[in-house]
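# Examination of the molecular architecture
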Number of protein chains: 4
Amino acid sequence: DSSNGKIDSDRDEETGKFFKIIRPLLVELIGTCIFILTGMFGACHDNENIHPLIPAFVFGLTLMAFAASFGHISGVHFNPAVTLGIFIAGQIGLVMAILDRYSTCAGGSTFLGPAVKWWEGLLIECTVTFLLVTVILMVAVDTKSKTILAPIVIGLTLTGGILGAATFTGGSLNPARSFGPSLIANQWRAHYIYFGGPLLGSLVAGFLYRLVWAHTDRRYPKQRKH
Amino acid sequence: DSSNGKIDSDRDEETGKFFKIIRPLLVELIGTCIFILTGMFGACHDNENIHPLIPAFVFGLTLMAFAASFGHISGVHFNPAVTLGIFIAGQIGLVMAILDRYSTCAGGSTFLGPAVKWWEGLLIECTVTFLLVTVILMVAVDTKSKTILAPIVIGLTLTGGILGAATFTGGSLNPARSFGPSLIANQWRAHYIYFGGPLLGSLVAGFLYRLVWAHTDRRYPKQRKH
Amino acid sequence: DSSNGKIDSDRDEETGKFFKIIRPLLVELIGTCIFILTGMFGACHDNENIHPLIPAFVFGLTLMAFAASFGHISGVHFNPAVTLGIFIAGQIGLVMAILDRYSTCAGGSTFLGPAVKWWEGLLIECTVTFLLVTVILMVAVDTKSKTILAPIVIGLTLTGGILGAATFTGGSLNPARSFGPSLIANQWRAHYIYFGGPLLGSLVAGFLYRLVWAHTDRRYPKQRKH
Amino acid sequence: DSSNGKIDSDRDEETGKFFKIIRPLLVELIGTCIFILTGMFGACHDNENIHPLIPAFVFGLTLMAFAASFGHISGVHFNPAVTLGIFIAGQIGLVMAILDRYSTCAGGSTFLGPAVKWWEGLLIECTVTFLLVTVILMVAVDTKSKTILAPIVIGLTLTGGILGAATFTGGSLNPARSFGPSLIANQWRAHYIYFGGPLLGSLVAGFLYRLVWAHTDRRYPKQRKH
């Protein structure tokens, strides 16, 4: 038994780099591409009668799918690796340009409602992203409130957030989701809110988590251990 | 080990006030504000074709998000702390007044359908709130029927209740949710049903739980212990 | 400890009749009434654009709520007690007659689509009820495939079944759900399919479960035990 | 005890063929038929306002129902037995021909959107099927990331995939689902994408799983065991 244990640990060492760096990177790369792509398909839906329901469910349920499938490999929660993912997802614009024609996919862009001021849009994107990131931190990261329901809760929170913000900003919560279609449609009115809003909401959620919500072992300032 | 245990207990003592009073209060304060705000965004949706689906899912999924994230900190179920939350949420009217113009958000108000009598509306609000509170008591409070699925079940029950009551009363189940928009739109027809209905349904659910549904250790009258 | 155990068992004896007969009966009585009532509210929705979505989600999510809350008390699955529940629920017609006017609630009736033959309707009601009852037996009754997800799976299966059958028969799956509104609207065309269909589907599901799907300890014929 | 154990094992032997071959086959046969049939009912919905929502939820929730009920008997995930299921399901065309008239059910066919090229449709069907099969492999098959939430995650991923692909290809993800209605409607334009797309996506997902995502004990190439 003891020798077997040593061999297992050797094997883990052997494939360590693959497990720790390459595989998570592949997950973020392939995952972000397919997540944005599938969601975009749904957002391009031409049935205006049920407009925000389709993209909201597609994005939410796809996120649920990835969180359930790859949560143990790379986290699928906001971490440095996502930076790369977002960079790559920005390239999705090219993929989209190949896949679709402008006309079909104008509905895929996120843009401000006609009577919405820029700072209102910023505030709304900020609020719903704050909600999403807080939920991710609480149900998937926090030592105490972690739950096996995390994939479903996170996915459906995204659905709720998109539905909530839909009339005002289109419900982005994600710079990468807004960048691609805007590139194709060449539509940049108040585009900075789709970078600023989610970033701000994400920052506030992170600070509030570290200072207030986190379980003792993750909260800042750390309690002294004698 | 024993000394470590003592230190842990010291630390818990040290931060006891923070844990027991300040943090739950913060959860109720921030939580209720964002819950009402996000739901309101969804209710303001101008697409009349799918009217009650958007607010129903936004409110339901946001409640699910909060129940999953903060259920271990403050309960997020009806308790005295909520009283404060409701008071504060009443102030949301001011936030809304800043955020939105009347015209956009008239759809966010809850009001009686044209052919619905006040006592019918009261009865319907009472019924669906009775259902919601009963579910909360059974899946999140009761010693025996408590389940880890609670956040999802509670959130989707709110969705179901709002969808059910939508034609008749707009589906409030929550005085705070009705007060803000009514303040902005200055729309007070039969507004008392949004206070009376949920309160009544909540009371009946509470009594019935204590007297009939509760597991032995929470049921009233307590069985004598020799 | 031993004396304490005896007292506990005495107390259980004491309240045995309450636990075994009265409480389950109350659950079926109150539960069926509120289940049908809330679902009916949703079915009366006057927005024809999204017709079957509202009742499907209301019925499904309400069933989920009851299964999660009262599953440990009375089963909430097809059993002799439900017979009484159905009888009482038939009386819901009176409650509805008081609550609503005919005009508002005609949409609450289930009736055959204009081009659907009676035996087609019967077959469809039979198929979806077969699906629902099979799911209930597998996820809530069977010793092996029982799962804590049962309330969500059962509720959403009802949603799926109603959505599936909506165009053809209105999606009843439940004699009590069809009887009340038909009484008010005095609409009896091919009403027997809402009794025959669910009954037939339920019977086939029950037999197939006992003979084929059930785990060894519940399957018929019982394997001899030496 | 020991003799009892022997009898149990005898009994298992006795019914071994039934358990291992006949029952799983029955599940696939009856299951695929009812899955396609119920989903088809939903797809035939004549309300164009909410077009892809109904079939997406019906197919997704029915798959959830079957995965939760029969997952322990036959897998309900892509395996050789499904080949037979698909063959039989192809026969569903005959059942449909009896059940419905052409006119009602033309909406049940999957066909390319008017401006979608064949290779775009193929790519989209391939992408969403890749997502679905990857999710099935990760949450229901993989030794490490297996989860009890599998039925819900798989079912809702199908819902998301159908909603995503709806505008472009109708959202099939399943040759059997496209074959029957196409037979009735005699509509074969670019029908090969509904065979090629899902097959291709399924193949890529399978290879990628074996080579990259799988837990050590299922990944290929196998690590040497000394």
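Here the residue index of a chain counts from 1 through its sequence in written order. For this description, chains carry letters from A and ligands carry numbers from 1, given in the order in which they are written. Reporting of local features is limited, given that this is a predicted model, to residues whose pLDDT is at least 70; pairs of side-chain atoms are given and counted only at 80 or more, and all residues count toward the totals for whole chains, interfaces and linings. Think of the side-chain values as coming from all heavy atoms in the structure, minus any hydrogens and water.

### Points about the overall build of chain A
The following threshold applies: Strands are runs of DSSP state E lasting at least 2 residues, helices are runs of H or I lasting at least 4, and numbering of each runs from the N terminus. Throughout this description, buried means an accessible area under 20% of the type-specific maximum (1.4 Å probe, protein chains only), exposed means over 50%, and partly exposed covers the range between. For the accessible areas, the method is Shrake-Rupley and the probe is 1.4 Å, while residue cover comes only from the protein chains on display.
When helices and strands are tallied, chain A shows 10 helices and 0 strands. Going from the N terminus to the C terminus, chain A shows its helices and strands as α-α-α-α-α-α-α-α-α-α. With 226 residues in all, chain A has 58% of them scored as buried. When the accessible surface of chain A is split by element, carbon and sulfur atoms take 66% of a total near 9,400 Å².

### So, the packing of helix H7 (residues 118–141) of chain A against helix H10 (residues 193–213) of chain A
All names here are of chain A. Applicable threshold: To obtain an axis, a line is fitted to C-alpha atoms, over the contacting stretch when the element is a helix, and the angle between two such axes runs from 0 to 180 degrees between their N-to-C directions. The labels follow the angle: roughly parallel below 35 degrees, roughly antiparallel above 145, roughly perpendicular from 65 to 115, and oblique for the rest. Each helix crossing is assigned a hand: it is left-handed if the near helix lies turned anticlockwise from the far helix by less than a right angle, otherwise right-handed if that turn is clockwise. In this classification, the charged set is Asp, Glu, Lys and Arg, the nonpolar set is Ala, Val, Leu, Ile, Met, Phe, Trp, Tyr, Cys and Pro, and all remaining amino acids, among them Gly, are polar.
Put simply, H7 and H10 touch, their axes get as near as 7 Å, and they point 40° apart. The angle between the axes of H7 and H10 places the two elements in the oblique class. As for how H7 packs across H10, the hand of that crossing is right-handed. Considering only residue class, the contact of H7 with H10 consists of 17 nonpolar, 8 polar and 1 charged.

### With respect to helix H7 (residues 118–141) of chain D
The condition that has to hold: Multiply 1.5 Å by the residue count of a helix minus one, and that product is the helix's expected span.
A rise of 1.5 Å per residue sets the reference length of H7 of chain D, with its 24 residues, at 34 Å; its end C-alpha atoms lie 33 Å apart and thus fit the reference within 8%. In terms of burial, H7 of chain D is largely enclosed, as 19 of its 24 residues are buried.

### Quick look at the relation of the copies chain C and chain D
Two copies of a chain can be linked by a rotation about an axis combined with a shift along that same axis. For clarity, the threshold we go by: Copy-to-copy superposition: least squares on the C-alpha atoms, limited to residues that have pLDDT of at least 70 in both copies. Whether two residues are in contact is decided by their heavy atoms: any pair within 4.5 Å suffices.
Expressed as a screw transformation, the operator carrying chain C onto chain D has a rotation angle of 90° and an axial translation of 0.0 Å, and the superposed copies differ by an RMSD of 0.0 Å. Classification of the inter-copy transformation places it as that of a four-fold axis. Both copies present different contact surfaces, since only 15% of the interface residues of chain C are interface residues in chain D too.

### A few points about the packing of helix H7 (residues 118–141) of chain C against helix H8 (residues 150–169) of chain C
All names here are of chain C. Where H7 meets H8, the closest approach of the two axes is 10 Å, and the angle between their N-to-C directions is 175°. The angle between H7 and H8 falls in the class roughly antiparallel. Along its contact with H7, which presents Gly121, Ile124, Glu125, Val128, Leu131, Leu132, Val135, Ile136, Val139 and Ala140, the element H8 presents Ala150, Val153, Ile154, Thr157, Leu158, Gly161, Ala165, Phe168 and Thr169. Its residues placed into classes, the contact of H7 with H8 shows 14 nonpolar, 4 polar and 1 charged.

### Description of the packing of aromatic side chains
Given two aromatic rings, their pairing is described by the distance between the two centres and the angle made by the two planes. We apply this condition: Between rings of Phe, Tyr and Trp, where Trp is taken as its six-membered ring, a pair exists when centres lie within 6.5 Å; planes separated by under 30 degrees are stacked, by over 60 edge-to-face, and by other angles tilted.
Tallying each qualifying case throughout the model produces 12 aromatic pairs over all chains. Here Phe57 of chain B and Phe57 of chain C contribute two aromatic rings whose centre-to-centre distance is 5.4 Å and whose plane-to-plane angle is 90°, an arrangement assigned as edge-to-face. Of the two residues, Phe57 of chain B sits in helix H3 (residues 53–74) while Phe57 of chain C sits in helix H3 (residues 53–74), which places them in two different chains. Here the two residues Phe57 of chain B and Phe57 of chain C agree in accessibility, since each one is buried. Note on Trp118 of chain C and Tyr192 of chain C: the rings are 6.1 Å apart at their centroids and 65° apart in plane angle, and the pair reads as edge-to-face. Of this pair, Trp118 of chain C sits in helix H7 while Tyr192 of chain C sits in the loop between helix H9 (175–185) and helix H10 (193–213), placing them 74 residues apart in sequence. Using a relative accessible area of 46% as the deciding quantity, one classes Trp118 of chain C as partly exposed. Among the aromatic side chains, those forming a connected cluster through ring pairs are Phe57 of chain A, Phe57 of chain B, Phe57 of chain C together with Phe57 of chain D.

### Digging into the side chain of Thr157 of chain A
Position of Thr157 of chain A relative to the elements: it lies in helix H8 (residues 150–169). Not counting residues up to four positions away in its chain, the partners in contact with Thr157 of chain A are Leu131, Leu132 and Val135 of chain A together with Met64 and Ala65 of chain B.

### A closer look at a nonpolar patch on the surface
Just so we agree on the cut-off: Only residues whose relative accessible area exceeds 30% and that form no salt bridge enter a patch; like-charged residues are grouped when within 9 Å of one another, and nonpolar side chains (Val, Leu, Ile, Met, Phe, Trp, Tyr) when within 5 Å. When a carboxyl oxygen of Asp or Glu is within 4 Å of a side-chain nitrogen of Lys or Arg, the pair counts as a salt bridge.
A cluster of nonpolar residues, Leu199, Leu200, Leu203, Val204, Phe207 and Leu211 of chain A, forms a patch on the protein surface that exposes about 590 Å² of accessible area. Overall, the relative accessible area of 40% leaves Val204 of chain A in the partly exposed class.

### Examining the nonpolar core
For clarity, the threshold we go by: Only buried residues count toward a nonpolar core, which is a set of Ala, Val, Leu, Ile, Met, Phe, Trp, Tyr and Cys residues joined through side-chain atoms within 4.5 Å.
Judged by nonpolar contacts, the single largest core of 225 residues is most densely connected at Leu53 of chain A, Leu53 of chain B, Leu53 of chain C together with Leu53 of chain D. Excluding residues that lie within four positions of it along the chain, Leu53 of chain A makes contacts with Leu163 of chain A, Ile50, Leu53 and Ile54 of chain B together with Leu53 of chain D.

### Details of the interface of chain C and chain D
Put simply, the rule is: The term buried area refers to how much accessible surface (probe radius 1.4 Å) is lost by two components on association, counted for both of them together. Between N or O atoms, a polar contact is any pair within 3.5 Å; within protein, one atom must be a potential hydrogen donor and the other a potential acceptor, and residues adjacent in sequence are included only when both atoms are from side chains.
Chain C puts 47 residues into the contact, and the matching count from chain D is 44 residues. Taken together, both faces of the contact between chain C and chain D bury some 3,700 Å²; the carbon and sulfur share is 74%. Put simply, chain C and chain D have 0 salt bridges between them. The tally of links from chain C across to chain D stands at 0 residue pairs in polar contact (both at pLDDT 80 or more). For the side of chain C that touches chain D, the elements supplying multiple residues, two or more each, are H3, H7, H8 and H10 of chain C. Ranked by residue count, the leading element in the side of chain C that touches chain D is H7 of chain C, at 12 residues. Of the residues belonging to the side of chain C that touches chain D, the class tally is 27 nonpolar, 13 polar and 7 charged.

### Some points on the side chain of Glu125 of chain A
Residues and elements named next belong to chain A. For Glu125, the location among the structural elements is in helix H7. Reaching out from Glu125, the side chain makes a polar contact with the side chain of Thr169 at a distance of 2.6 Å. In contact with Glu125, not counting residues within four places along its chain, are Thr169, Gly171, Ser172, Leu173, Ile193, Tyr194, Gly197 and Pro198.

### Notes on the environment of Trp119 of chain D
Residue and element names in this part refer to chain D. For Trp119, the location among the structural elements is in helix H7. Owing to a relative accessible area of 33%, Trp119 belongs among the partly exposed residues under this scheme. Taking the C-alpha atoms as reference, Trp119 lies 34 Å from Ile30; in sequence the two are 89 residues apart.

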